[in-house]
Amino acid sequence: MTDRPNLRVDGDRLWATLMETARFGATEKGGVRRLTLSPEDGAVRDWFRAACEAAGMRVSVDTLGNMFALRPGRDMAKPPLGFGSHLDTQPTGGKFDGILGTLAALEVVRTLNEAGIETEVPLCVCNWTNEEGSRFVPALMGSLAHVGDFTVEDILSRTDAAGITAGAALEAIGYRGAMPVGTQAFGGFVELHIEQGPLLEAEGTTIGVVERGQGIVWYDGRITGFESHAGSTPMHLRRDALAALSELVLAVEGLAVEHGPDAVGTVGEAAIATPSRNVIPGAIAFSAEFRSPDATILETLERGLAAKIAEIAARRRVEIALDPVWRKAPTAFDPGVVAAVRGAAQALGLSHRPIVSGAAHDAFSLAAIVPAAMIFVPCKDGVSHNELESAEKSDCAAGADVLLHTVLALAGG
Ligand code: HGY
Ligand code: MN
Ligand code: MN
Ligand code: MN
């Protein structure tokens, strides 16, 4: 904890910026639809760039649209401390997922400016491209490319459901920057985020000190059966792709429950190639995922699904293809940065507890190359990736205060 125990962010200003930026992609139900590299994402990026420049930071953009707002420190030879999150949302997203961490980082800089504080190491406020992975696969796309998990060419060629490439979408919003990906150096990284789960709110705890994050595997799948007449094809002769998928969905759920409580599984997308109410579905594309903080459980889940798929395919005489398109091993955050987060929460007199992140975050990517950790605050009913997503103003301010004092502790304020 620095020698500024009474320094606090301006919670009203932070809340005002959250509500102001929620208009970029605002939906009628009070949520936000700001898909990565969409015009709405471009607009909020423009807003964010202007706000960072108004706070005295120099903003650079890399080839994948990752944004870095640099605030000088006393020792410019040292790599900056990174903090921030993402500005993109799910199709039925909310006002806080990602953007809270990015705007809280901006609020920390505004607070440091007003207090006339110059840190020892420079600060770098970040907006990472396509954290959500909804429009373009994978999730954490910009930060994973930054740490070398994907090549820029691979990422630029990824296409969305309409066949638009990430490269074309970046060009369309003017965020295919000149800076080579991966060249922004960091000495560490901290991310504030809503928990997106029920634990903190249920306990009445304000701060989650995130020590670990779940590993994840994403699959693209295809089931090929045989289209035929819904009325004249006897049941025992059918090769029904949707009935097969239905069993696969329950197998994903059953495996996660069987290997729980530290395992989850979801089939989030399914599309019948040529849907018709009186045709037996013959071809379906789908996606599936497993997550667990335990690598061994993840392997067990994968093996279990492979065995179940073989059995369903044989019995139903369909072909089932399952391609793993993204794997990320479980994340263990840096004990030193975790201690800085815990120390800040303690010094601020905020209730706090260690927690494992169920959701994936850009800090998972950065943790592979620099000391990193995360700060969680509660969200209403633990709901996220839903237009009902909500958080308390006081919790957002408390999270930003912990971010402020963590930054001061790590960057030498
Ligand atoms: O999928 C995730 O965990 C993240 O919210 N994109
Ligand atoms: Mn997020
Ligand atoms: Mn999300
Ligand atoms: Mn995240």
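Rules behind the numbers
In this numbering scheme, every chain counts its residues from 1 along its sequence in written order. For this description, chains carry letters from A and ligands carry numbers from 1, given in the order in which they are written. Predicted model: local features are reported for residues with pLDDT of at least 70 only, side-chain atom pairs are reported and counted for 80 or more only, and whole-chain, interface and lining totals are derived from all residues. Hydrogen atoms and water are omitted, and side-chain values are computed over all heavy atoms in the structure. Each pair of strands is called paired provided DSSP finds at least two bridges between the two strands. Only DSSP runs of H or I with at least four residues qualify as helices, and only runs of E with at least two residues qualify as strands; both kinds are numbered from the N terminus onward. Only the stretch in contact is used when fitting a helix axis, every axis being a line fitted to C-alpha atoms; angles between N-to-C directions are given from 0 to 180 degrees. Two residues form a contact once any of their heavy atoms are found within 4.5 Å. Given the number of residues in a helix, its expected span is that number minus one, multiplied by 1.5 Å. With a 1.4 Å probe rolled over the protein chains alone, any residue whose accessible area is under 20% of its type maximum counts as buried; one over 50% counts as exposed, and the rest are partly exposed. In protein, a polar contact requires one atom able to donate a hydrogen and another able to accept it; more generally it is a pair of N or O atoms within 3.5 Å, and residues adjacent in sequence count only if both atoms are side-chain atoms. For classification purposes, angles smaller than 35 degrees are called roughly parallel, those larger than 145 roughly antiparallel, those between 65 and 115 roughly perpendicular, and all remaining angles oblique. Crossings are assigned a handedness: left-handed for a near helix turned anticlockwise from the far helix by less than a right angle, right-handed for a clockwise turn. Three residue categories are used. Nonpolar comprises Ala, Val, Leu, Ile, Met, Phe, Trp, Tyr, Cys and Pro, charged comprises Asp, Glu, Lys and Arg, and polar comprises the others, including Gly. Every case where a carboxyl oxygen of Asp or Glu lies within 4 Å of a side-chain nitrogen of Lys or Arg is listed as a salt bridge. Put simply, buried Ala, Val, Leu, Ile, Met, Phe, Trp, Tyr and Cys residues joined by side-chain atoms within 4.5 Å make one nonpolar core. UniProt positions are given in the numbering used here, feature names are shortened, and annotations may be inferred rather than shown by experiment. Metal coordination here is assigned from N, O and S atoms located within 2.8 Å of the ion, or within 3.2 Å for Na, K and Ca; omission of water means that sites may look incomplete. One heavy atom within 4 Å of a molecule or strand is enough for the residue carrying it to be called near that molecule or strand. Each accessible area is a Shrake-Rupley estimate made with a 1.4 Å probe; only the visible protein chains count as cover when residues are assessed.

## A short note on the sheet that holds strand 10 (residues 319-328)
Spatial ordering of the open sheet is given by 8-9-7-10, a layout of 4 strands whose pairing is antiparallel. Looking at which strands have only one partner, the edges of the open sheet turn out to be strand 8 (264-272) and strand 10. With strand direction ignored, the average angle separating the axes of adjacent strands in the sheet is 15°. In this structure, strand 7 (residues 215-224) lies alongside strand 10, joined through 9 bridges in antiparallel fashion. Within strand 10, the position partnered with Asp-220 by the bridge is Asp-323. Those strands touched by helix 9 (residues 295-316) are strand 7, strand 9 (283-292) and strand 10, and its axis lies near 155° from that of strand 9.

## Overview of helix 8 (residues 241-258)
Given 3.6 residues to a turn, an α-helix orients residues that are three or four positions apart in the same direction. Given a rise of 1.5 Å per residue, 18 residues ought to cover 26 Å, and the 25 Å separating the end C-alpha atoms of helix 8 matches this to within 8%. Within helix 8, the full set of buried residues consists of Ala-241, Ala-244, Leu-245, Glu-247, Leu-248, Ala-251, Val-252, Leu-255 and Ala-256. Buried residues along helix 8 sit against strand 7, strand 8, strand 9, helix 9 and strand 10. Between the side-chain oxygen of the N-cap and the backbone nitrogen of Leu-242 there are 2.9 Å, and the N-cap of helix 8 in question is Asp-240.

## Re the packing of helix 3 (residues 99-115) against helix 12 (residues 393-411)
It is the contact of helix 3 with helix 12, at a shortest axis distance of 9 Å, that shows an interaxial angle of 60°. One way to sum up the angle between helix 3 and helix 12 is to call them oblique. Note on packing geometry: the crossing formed by helix 3 with helix 12 is right-handed. For the pair formed by helix 3 and helix 12, the contact residues are Leu-100, Ala-104, Ala-105, Val-108, Thr-111 and Leu-112 on the first element and Cys-396, Ala-400, Leu-403, Leu-404 and Leu-408 on the second. Residue composition of the contact of helix 3 with helix 12, by class: 10 nonpolar, 1 polar and no charged.

## Notes on the pattern of salt bridges
Across all of its chains, the model carries 21 salt bridges by this definition. Glu-120 serves as the salt-bridge partner of Arg-74, at 3.1 Å between the closest nitrogen and oxygen. Of this pair, Arg-74 sits in the loop between strand 2 (67-71) and strand 3 (81-85) while Glu-120 sits in the loop between helix 3 and strand 4 (123-127), placing them 46 residues apart in sequence. What makes Glu-120 partly exposed here is its relative accessible area of 26%. The shortest N-O distance in the salt bridge between Glu-247 and Arg-316 comes to 2.6 Å. Placement of Glu-247 in helix 8 and of Arg-316 in helix 9 is noted, with a sequence separation of 69 residues between them.

## With respect to the nonpolar core
Ranked by size, the top nonpolar core spans 100 residues in total, and within it Phe-83, Phe-333, Val-402 and Leu-403 carry the most contacts. Not counting the four nearest positions on each side in its chain, Val-402 is found in contact with Ile-207, Val-341, Ala-344, Ala-345, Leu-348, Leu-350 and Ile-375.

## A closer look at the UniProt feature "binding site: Zn(2+) 1" (unreviewed entry) in the protein chain
Feature annotation in UniProt assigns "binding site: Zn(2+) 1" (unreviewed entry) to the following positions: His-86, Asp-97 and His-193. Across 108 residues of sequence, these annotated residues stay compact in space, with a maximum C-alpha separation of 9.8 Å. Note on placement: His-86 falls in the loop between strand 3 and helix 3. With a relative accessible area of 0%, His-86 lands in the buried category. Each residue touching His-86, except ones within four places of it in the same chain, is listed here: Asp-97, Gly-98, Ile-99, Thr-102, Asn-127, Trp-128, Glu-131, Glu-132, His-193 and Asp-362.

## Notes on the coordination of the manganese ion (ligand 2)
Each protein donor to the manganese ion (ligand 2) is listed here as His-86 (NE2), Asp-97 (OD) and His-193 (NE2); together their distances run 2.1 to 2.3 Å. Positions of the donor residues of the manganese ion (ligand 2) along the chain correspond to the pattern H-x10-D-x95-H. In this structure the manganese ion (ligand 3) is found 3.4 Å away from the manganese ion (ligand 2), and Asp-97 serves as a bridging donor for the pair. Here the residue His-86 occupies a position in the loop between strand 3 and helix 3, and Asp-97 occupies one in the loop between strand 3 and helix 3, the gap between them amounting to 11 residues.

## Focus: the coordination of the manganese ion (ligand 4)
The protein atoms that coordinate the manganese ion (ligand 4) are Glu-131 (OE) and His-361 (ND1), at distances of 2.5 to 2.7 Å. The metal-metal distance between the manganese ion (ligand 4) and the manganese ion (ligand 2) is 3.1 Å. Of the two residues, Glu-131 is situated in the loop between strand 4 and helix 4 (141-146) and His-361 in the loop between strand 12 (352-357) and helix 11 (362-366); the sequence distance between them amounts to 230 residues. Each member of the pair Glu-131 and His-361 is classed as buried.

## Notes on the UniProt feature "binding site: Zn(2+) 2" (unreviewed entry) in the protein chain
As annotated by UniProt and renumbered to match this structure, "binding site: Zn(2+) 2" (unreviewed entry) occupies Asp-97, Glu-132 and His-385. In summary, the annotated positions, though distributed over 289 residues, converge in three dimensions, the widest C-alpha pair being only 9.7 Å. We classify Asp-97 as buried; its relative accessible area is 4%. Setting aside residues no more than four positions away along its own chain, Asp-97 makes contact with His-86, Asp-88, Glu-132, His-193, Ile-194, Gln-196, Ser-384, His-385 and Glu-389. For Glu-132, the location among the structural elements is in the loop between strand 4 and helix 4. Since its relative accessible area comes to 6%, Glu-132 is described here as buried. When sequence neighbours within four positions are dropped, the list of residues in contact with Glu-132 reads His-86, Asp-88, Thr-89, Gln-90, Asp-97, Ala-139, Trp-218 and His-385.

## Describing the site of ligand 1
Around ligand 1 sit Glu-131, Glu-132, Arg-291, Ala-359, Ala-360 and His-385, and that is every residue in its neighbourhood. Here a nitrogen atom of ligand 1 and a side-chain polar atom of Glu-132 are 3.2 Å apart. His-385 places a side-chain nitrogen or oxygen 3.2 Å from an oxygen atom of ligand 1. Summarising the interface, the protein chains cover 96% of the accessible area of ligand 1, which totals 210 Å² for the free molecule. Across the shell around ligand 1, the residue classes tally to 2 nonpolar, 1 polar and 3 charged.

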